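What the coordinates show
One-letter residues, chain by chain:
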Amino acid sequence: MGGKHSSLDPMQIKVPNLEDLLQRDSYLRPYEREFRRRYAVYLDYIDKINEGDGSIEKFSKSYEKYGIHILPDNSVSCFEWAPGAKALYLSGEFNQWNTSSHPFTKLEYGKWELTLPPKPDGAPVLEHLAEVKIVVETTYGEKLFRLSPWATYVVQPPEWEGYTFKQKIWNPPQEQKYTFKHPKVPKPKSLRIYECHVGIGTSEPKVGSYLEFIDNVLPRITDLGYNAIQLMAVMEHAYYACFGYQVTSFFAVSSRYGNPEELKQLIDAAHAKGLYVLLDVVHSHASKNVLDGLNQFDGTNSCFFHDGGRGDHPLWDSRLFNYSEYEVLRFLLSNLRWYMDEYNFDGFRFDGVTSMLYHSRGVGEGFSGNYDEYFGMNVDTEAVVYLMLANDFLHKLYPDVVTIAEDVSGMPSSCRPVSEGGVGFDYRLGMAIPDKWIKLLKEQSDEEWNMGNIVHTLTNRRWLEKTVAYAESHDQALVGDKTIAFWLMDKEMYWHMSNVHHSSGSPALIIDRGMALHKMIRLITHALGGEAYLNFMGNEFGHPEWLDFPREGNNNSYHYARRQWNLVDDPLLKYKFLNNFDRAMNHLEEKYGWLHSDYSYVSLKHESDKVVAFERAELLFVFNFHPTESYTDYKIGVDKAGTYKCVLDSDDSDFGGHNRVDKSVQHSTHPERWANRSNWLQLYLPSRSVQVYSVVN
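The present account deals with the structure reproduced in this document. Source: prediction; values computed, not measured. Each chain has its residues counted from 1, following the order in which its sequence is written. Reporting in this predicted model follows two pLDDT cut-offs: at least 70 for local features of residues, and 80 or more for side-chain atom pairs to be given and counted; totals over whole chains, interfaces and linings ignore these cut-offs and use all residues. Remark: hydrogens and water are excluded; side-chain values derive from all non-hydrogen atoms of the structure.

**Re unusual backbone geometry**
Apart from glycine, the bulk of residues carry a negative phi angle, and the bulk of peptide bonds sit in the trans form. As a reminder, the rule being used: Strands are runs of DSSP state E lasting at least 2 residues, helices are runs of H or I lasting at least 4, and numbering of each runs from the N terminus. When a residue's accessible area, from a 1.4 Å probe over protein chains only, is under 20% of the maximum for its type it is buried; when over 50% it is exposed; and in between it is partly exposed.
Positive phi values are uncommon outside glycine, yet Q296 reaches one of about 55°. Of note, Q296 is situated in the loop between strand 14 (276-281) and helix 7 (326-341). On the basis of relative accessibility, which here comes to 27%, the residue Q296 falls in the partly exposed class. With a phi close to 65°, N676 is a non-glycine residue in the positive phi region. For N676, the position within the fold is in the loop between strand 25 (667-668) and strand 26 (679-685).

Below you can see the structure in the form of C-alpha cells.
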C-alpha cells in the first residue's frame, strides 16, 4: 500500500514525539530512519482510510453494514467482500436451501450486495435463529457453502449432524436483549489480572456457561483482590481443544458457553463488581477451516490471507492475514470496535504478537537483544503498522482502554505511543519470567538458585515500557507441562495436602517446601517483576493437575477441562492456605500500590545466604530462599528512617506457615549507611519465607 509519505525520504517524515524516544534510549538513534519510515507507512494507511471511508471512526464501524442485518423496516441487508468469487447467493431455511434463487449484486472492489424486502405481513424474511449460508460460485462454476465472515452467532450442531458450525441469525425480541446497567470500569492504576476461561470455570466435567461464571467464579475473583479479568476463548473456535486460538468466526462469541446476551450479562456483572474486562483477541492468525472459517471464503487461497507460504504459519497450521489489504484492515479494526461497543469490553490482550512482528513468525529466533533484530528485513512492516493503527484508534476513541502485547521478542518502543514512533501498546507480557521459573524448577534444586540471576530476570525490562509480570499462565497449565505447584510437589499433592492428619518424613517435607516456595515465587514476581500482575484461574491455590481439553487422545474426557474449586473450599485441605496468601498479597498491593509506583531498589542479593531485599512503594520486601538457614538480627539497608512493622509474612499460620515471626515486634532504623542505603535495621529471617515491612511512623 504505497503512498505519498512512504515515497519520501524517511528523514523528511515528521514523527511528533520521536525525539523523546530517542533521547530516552540513545542506542535507538541509529534506527531513526526506520522509525520514520514505519511512521510514513502508517500515515499512508490513515490517508487511504480517510479517502476511502472518511475516517477511521467510520471505517472501524463497518460491522454495521457488512454481514447480514435486519433493518428497522424489517428488510434484510446482506453485504460481503469476496473478490475472487464469480457470483454470490444467499441460501437457508427461508428458501429451502436453494443455491441460486437469491443472488447478490456485484459492486466495485469485490463487494457484493443483496436486499430482501419484508414478508407480506411485515415480518423479516430471516427470523431469529434462522440458519443461513453464503453460496460462493467460483470462476470454475463450483458452488461452495460458506459462513459470513461477519456472522455474529454460530452454533455447533448435534453430533449426528456433523461438526461444522452453523450460522444463525441473532435478532431476539427486544425484551430478550440484554441492556447494560453498569458503566465500563476506569483503567486501574495497578492491573491485577485474573486470566480465565469460562468453559473450564466449573468443577463439573462439562463446558461451563457465562451465567454459571457470574455466580460461581466472579465472587472468587473479587474476594482474591484482582481488579481485572482476561477472558480467553471468547471468539468462536470450532475446535474446543485449541484453547480459543484457532478462531473460525471473529465476530461471533462462543456459543458453547451461552448466547451473546448472556456474555453481555457476564461483562456487566463484572463491571458491577469493579472488574476491568479484557478480551484475549486473536488477530495474529486464523483457523484453516474452510466450511466454518475464513479460509478460502471467496473460493481462492488469498482473500483475507497471503497466498503461498507467507499465508501459512509454519508451526500453528493456521492462516496468516494480509495486513496490507484494505478490506482486511476494515475487518480487523471493526472487530476490535465490535467488542468494545457491542459487548462493553474495556481492553484487549493481543495474542501472538511476536508472530505478527517478524517474517520468520519468531520461529527459531533467539532474540538476543541486539537492536538490529528489531529493525532489519525480518520485521513485517505491514503487521507492525496494523498494530499501530489498532492501538492508536483504540486509545483515541476509548481513553481508558488498555492493550497488552503477547510478545516474547521485546521489540523496543512496542509499549510507547504511536506519536513517539512506537507500536502503541500499554503493556507487554513478561514472558521471560515464567520461562525462568520453569527452567529453575526443572533443572535445579532451590539450593542452587542464583539470587542475582532471578533478580535480573525480574527487573530486566525497558524503562517506561510497562510489563505484566506472571509466574505462570495457561501455557504452563496445559497437558504436557506442569504448573508451578505440580513441579514443586507433584504426586505428593494427591495424598499429603490434608491439614488434619499431619504426615511426617519425606512427603511432608516436599509439601512444606512446595507451599513455601509457591508463595515466595508469586510474591517476588508480583512485587519485582513489572507494573501489572497476572494469574491463571486456579493457579492461585496450587491447582494440582494439568489442563487437558476433551479430544480423541483422552476419549473426549472433561476430567481435566475444569477447575477443582472443591479443593480450595475444603477447610481440611492445605490449598486454602495458598489461596489465603494470594488474597493477602493482592489486598496489600491495593493498599500500597507497588505496581504503579516507581521502580524498586534492590539493596541485597546475597548468594550464599540466599537473601534478596528490595524497597518499593515505601515497603521493604525481604526474601530468604535458603532451605534450612534462618537468620537472627540480619542487617538490611533501607532508605527511609523510622520504625518498621511486618504487614505480610508468608510463614504466618493463615498461609500454612510455622508462625516463626512475631509480628508485634517493631524494628527501628539506625542512621548509618548500609548496602548503599541511608539507614539499616535488623530482622529475623526464617528459612524459605518472605516478610514485607511498612514504616509505622
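**Considering the sheet that holds strand 17 (residues 427-429)**
Keep this limit in mind: When DSSP locates at least two bridges between a pair of strands, those strands are taken to pair. To define axes, lines are fitted to C-alpha atoms, for helices over the stretch in contact only, and angles between the resulting N-to-C directions are given on a 0 to 180 degree scale.
Read around the closed barrel, the 8 strands follow the order 10-11-14-15-16-17-18-19; overall the barrel is parallel. Across the sheet, the mean angle from the axis of one strand to that of its neighbour is 30°, orientation sign disregarded. Bridging between strand 10 (residues 191-197) and strand 11 (residues 228-232) involves 5 bridges; their strand directions are parallel. Bridging from a neighbouring strand, I193 pairs with A228 of strand 11.

**Topic: the sheet that holds strand 1 (residues 67-70)**
Taken in spatial order, the 4 strands of this open sheet run 1-2-5-4, and their pairing is antiparallel. Each edge of the open sheet carries a strand with a single partner, namely strand 1 and strand 4 (105-106). Judged from the 2 bridges that link them, strand 4 and strand 5 (residues 111-116) form a sheet pairing that is antiparallel. What sits directly across from K106, in strand 5, is W112.

**What to know about the packing of helix 11 (residues 451-459) against helix 15 (residues 506-528)**
Condition: For classification purposes, angles smaller than 35 degrees are called roughly parallel, those larger than 145 roughly antiparallel, those between 65 and 115 roughly perpendicular, and all remaining angles oblique. Crossing handedness is defined as follows: a turn of the near helix away from the far one that is anticlockwise and smaller than a right angle gives a left-handed crossing, while the clockwise case is right-handed. We call two residues in contact when some of their heavy atoms are within 4.5 Å. In this count, Pro and Cys sit with the nonpolar residues alongside Ala, Val, Leu, Ile, Met, Phe, Trp and Tyr, while Asp, Glu, Lys and Arg are called charged and the others, Gly among them, polar.
Close contact between helix 11 and helix 15 brings their axes to 9 Å; oriented N to C, the two are set at 45°. Taken together, the axes of helix 11 and helix 15 lie oblique to each other. As for how helix 11 packs across helix 15, the hand of that crossing is right-handed. Counting all contacts with helix 11, which are made through V455, L458 and T459, the residues of helix 15 involved are I524, T525 and L528. Of the residues that constitute the contact of helix 11 with helix 15, the class distribution is 4 nonpolar, 2 polar and no charged.

**Here we look at empty space enclosed by the protein**
How we decide: Each cavity reported here is a set of points on a 1 Å grid over the protein atoms alone in which a 1.4 Å probe fits but cannot get out, each pocket an open set with protein on both sides within 12 Å along at least five of seven lines, and each lining residue one with an atom within 4 Å of a point. Grid points are joined across faces, edges and corners, and a volume is the space filled by probe spheres set on the points.
Under the defined criterion, the tally for this structure stands at 5 cavities of 30 Å³ or more. Approximately 50 Å³ is the volume attributed to the largest cavity. Lining of the largest cavity is provided by E195, R349, E406, L429, M431, Y470, S473, H474, D475 and L534. Its residues assigned to classes, the lining of the largest cavity shows 4 nonpolar, 2 polar and 4 charged.

**Description of the side chain of T138**
Relative to the elements of secondary structure, T138 occurs in the loop between strand 6 (131-137) and strand 7 (143-146). Of the residues examined, T138 reaches a relative accessible area of 5% and is grouped as buried. Once residues lying within four places of it in the same chain are set aside, the contact partners of T138 are K86, L144 and G299.

**Brief notes about the environment of D280**
To be explicit about the condition: Here a polar contact is recorded for every N or O atom pair within 3.5 Å, except that within protein the pair must consist of a potential hydrogen donor and a potential acceptor, and residues adjacent in sequence are included only if both atoms are side-chain atoms.
Relative to the assigned elements, D280 resides in strand 14. Residues D280 and E195, 85 residues apart in the sequence, show an inter-C-alpha distance of 9.2 Å. Not counting chain neighbours up to four residues away, the residues in contact with D280 comprise Q230, L231, M232, M235, Y245, R349 and D351. Side-chain polar atoms of D280 contact the side chain of Y245, separated by 2.7 Å. There is a polar contact of 2.9 Å between the side chain of D280 and the side chain of R349.

Just distances and angles here, no functional claims.
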